[in-house]
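# Structural characterization, general
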Amino acid sequence: MTDSANSMWGGRFASGPDAIMEAINASIGFDRRLAAQDIEGSRAHAAMLGATGIVEANDVEAIREGLLTVLSEIEAGTFEFSTALEDIHMNVEARLRELIGEPAGRLHTARSRNDQVALDFRMWVRDQCDAAVSGIVALQKALLSQAEAGADWVMPGFTHLQTAQPVTWGHHMMAYVEMLGRDASRFADARARMNECPLGAAALAGTSFPIDRHATAAALAFDAPAANSLDAVADRDFALEFLAASSICAMHLSRFAEELVIWSSAQFRFVAMSDRFSTGSSIMPQKKNPDAAELVRAKIGRILGATVGLFTVMKGLPLTYSKDMQEDKEQVFDAADSLMLALAAMEGMVRDMTANPEALRVAAASGFSTATDLADWLVREAGLPFREAHHVTGALVAMAEEQGCDLPDLSLDQMKSAHGAITEAVFDVLGVDNSVRSRTSYGGTAPDQVRAQIARWKEQLA
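Quick caveat: nothing in here was measured; it's all calculated off a predicted structure.

## Here we look at the packing of helix α6 (residues 113–149) against helix α10 (residues 237–263)
- Two elements in contact, α6 and α10, have axes whose closest approach is 10 Å; the angle formed by their N-to-C orientations is 20 degrees. One finds that α6 runs roughly parallel with respect to α10. Both α6 and α10 take part in a crossing whose hand is left-handed. For the pair α6 and α10, the contacting residues are Ala118, Phe121, Arg122, Val125, Gln128, Cys129, Ile136, Leu139 and Leu143 in the first and Phe238, Ala239, Phe242, Cys249, Leu253 and Phe256 in the second.
- Grouping the constituent residues of the contact of α6 with α10 by class yields 13 nonpolar, one polar and one charged.

## Quick word on the pairing of strand β1 (residues 154–159)
- Sheet topology places β1 next to strand β2 (residues 162–168); six bridges connect them, and they run antiparallel. Within β2, the residue paired with Thr159 across the bridge is Gln162.

## Observations regarding α6
- For α6, which comprises 37 residues, the first-to-last C-alpha distance of 54 Å matches the rise-based estimate of 54 Å (1.5 Å per residue) to within 8%.
- Two or three places before Asn114, at the start of α6, stands the capping residue Ser112, its side-chain oxygen 2.9 Å from that residue's backbone nitrogen.

## A word on the nonpolar core
- Grouped together as the largest cluster of nonpolar side chains are 95 residues, with contacts concentrated most on Phe256, Trp263 and Met346.
- Per element, the largest residue contribution to this core is 15 residues, and it comes from α10.
- Other than its neighbours up to four places away in sequence, Met346 contacts Leu139, Leu253, Phe256, Ala257, Leu260 and Val296.

## Quick word on the packing of α10 against helix α11 (residues 291–314)
- The geometry of α10 relative to α11 is characterised by a closest axis approach of 8 Å and an angle of 160 degrees between their N-to-C directions. Taken together, α10 and α11 sit at an angle that is classed as roughly antiparallel. Considering how the two elements wind past one another, α10 and α11 form a crossing that is left-handed.
- Broken down by class, the residue content of the contact of α10 with α11 amounts to 18 nonpolar, four polar and three charged.

## Some words on a negative patch on the surface
- Taken together, the side chains of Glu196, Asp223, Asp231 and Asp237 present a region of like negative charge at the surface.
- Secondary-structure assignment places Asp231 in helix α9 (residues 229–234).

## Structural notes on unusual backbone geometry
- Between Leu319 and Thr320 the backbone carries a cis peptide bond, its omega angle lying at 5 degrees.
- Relative to the helices and strands, Thr320 resides in the loop between α11 and α12 (329–352).
- The backbone of Ala110 sits at a positive phi, close to 70 degrees, despite the residue not being glycine.
- Topologically, Ala110 is positioned in the loop between α5 (88–100) and α6.
- Given a relative accessible area of 8%, Ala110 falls into the buried group.

## So, the packing of aromatic side chains
- Inspection of the entire model under this criterion finds 12 aromatic pairs.
- Arranged with centres 4.7 Å apart and planes meeting at 55 degrees, the rings of Phe79 and Phe81 form a pair that is tilted.
- By relative accessible area, Phe79 is classed as buried at 8%.
- Overall, Phe81 belongs to the partly exposed group, its relative accessible area being 24%.
- For the pair Trp169 and Trp263, a centre-to-centre distance of 5.6 Å together with 45 degrees between the ring planes defines the contact as tilted. Taken together, the residues Trp169 in helix α7 (residues 169–194) and Trp263 in helix α10 connect sequence positions 94 residues apart.
- Among the residues examined, Trp169 registers a relative accessible area of 0% and is labelled buried.
- The ring of Phe81 carries the charged tip of Arg32 above its face, separated from the ring centre by 4.2 Å.
- Residue placement shows Lys329 over the ring face of Phe121; its charged tip is 5.5 Å from the ring centre.

## Let's talk about the pattern of salt bridges
- Summed over the entire model, instances satisfying the criterion amount to 26 salt bridges.
- A salt bridge links Arg113 to Glu86, with the shortest nitrogen-to-oxygen separation between them at 3.0 Å. With Arg113 in helix α6 and Glu86 in the loop between α4 (57–76) and α5, the pair connects residues that are 27 residues apart, well separated along the chain.
- With a relative accessible area of 5%, Glu86 lands in the buried category.
- Of the charged contacts, one joins Arg302 and Asp334 as a salt bridge, the two residues approaching to 2.5 Å between their closest N and O atoms. Of the two residues, Arg302 is situated in helix α11 and Asp334 in helix α12; the sequence distance between them amounts to 32 residues.
- Residue Arg302 is classed as partly exposed on the basis of its relative accessible area, which comes to 45%.

Conventions used here
- Residues numbered from 1 in each chain as written.
- Predicted model: local features only at pLDDT ≥ 70, side-chain atom pairs only at ≥ 80, totals over all residues.
- Heavy atoms only, no water.
- Axes fitted to C-alpha atoms, helices over the stretch in contact; angles between N-to-C directions.
- Helix = DSSP H or I, 4+ residues; strand = E, 2+ residues; numbered from the N terminus.
- Parallel < 35°, antiparallel > 145°, perpendicular 65-115°, else oblique.
- Left-handed = near helix turned anticlockwise from the far one by under 90°.
- Contact = heavy atoms within 4.5 Å.
- Nonpolar A, V, L, I, M, F, W, Y, C, P; charged D, E, K, R; others polar.
- Pairing = 2+ DSSP bridges.
- Expected span 1.5 Å × (residues − 1).
- Polar contact = N/O pair within 3.5 Å; in protein donor to acceptor, adjacent residues only side chain to side chain.
- Core = buried A, V, L, I, M, F, W, Y, C linked by side-chain atoms within 4.5 Å.
- Buried < 20%, exposed > 50% of the residue type's maximum accessible area, 1.4 Å probe, protein only.
- Patch = residues over 30% accessible without salt bridge, like charges linked within 9 Å, V, L, I, M, F, W, Y side chains within 5 Å.
- Areas by Shrake-Rupley, 256 points an atom, 1.4 Å probe, with all protein chains shown as cover.
- Salt bridge = Lys/Arg side-chain N within 4 Å of Asp/Glu carboxyl O.
- Lys, Arg positive; Asp, Glu negative; His and termini not counted.
- Charge placed at Lys NZ, Arg CZ, Asp CG, Glu CD.
- Phe/Tyr/Trp six-rings, centres within 6.5 Å; stacked < 30°, edge-to-face > 60°.
- Lys NZ or Arg CZ within 6 Å of the ring centre and 35° of its normal.

Set out below in structure tokens:
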């Protein structure tokens, strides 16, 4: 492939760009990732040009076959990319010209690099939405396995990272299944909205050739052609929506990663992380560091940074295309790579980690975690207003704290000293197992509720 000055600009320029201009202008270093989409779009465009009689059938056949040869060279790693040819579109077309000669020049009839890149990038992001959903579903299934194994295991539920009320391990795992379910729906929703084909918008105003945009849209699995040629080439909402959905998903992964870092510490011992997702220390032989979780926790920085970056690029651009928009792809590529790696790492960690039910139970019983159960009992059985029940329970917590024991360890007489309506039956609600079993409201932590949600999600993901 030639590295001479880019002749595809036509006769407007007397000389090629100097080295600095070439360096800042070229995008082939990153947009080569769009090669498969570029060639698929070009083959559909060529087929349409033939079907409408704009280009002769024998030229169309040569173009379509030649493009397959180019794709095979790219996939085999033998294709020579040229910075002088700027981008993936011109690199492909130049190689096509070398392979089939003059007919290659007919491929660009009735289109522009503006609608071409809008098409390629939209198709790539569309594919990435599908990949993200697949990664999310795999992680959800790993969480379901953990939830099913520990539907009865009692652990502390936290607010402010302080023990609040007992919950079950299964319930905690299912919270992330729900979060990830919303993430998957955001990617699916964004995908549906982006599924309009910009090809045929040309540079910005459409074309005078009698093209069939509905045919190319259908051939490329779009729902319809984009209805406004200006918007078609100027729009990067699809990339912004993908980044926004990625940022929210990465935030969820970061929250869970933080919990795994805390839970795997010697102070908590809630989980043991597998050796596959841990590292050691160069100086402290006893260390087992949850590095994979820490790196997942950090990925939100790159992904959210990409989101802010692209919003900043797009925020002041007049219609339609400006070269600023070349800065859209690297950020999206990096965010997509980071998200897929984080999802895969989290799935591996979740599948391999081992919970410590005994440590979970001990922690669940600490910090007077059944105080709310006592207050609820006073309302339900003794008829106290909740505010009074709250006050009585607080007095009993203070008493237990002074005695150095937990609420269930107080005697009935000590209980009755706080309020005479308390009976022996109160002890039926004070154990952590009794507490979680009592939370039978829809979406609650009771094991039966947890199992019902596991069954619902298994059916949904099947």
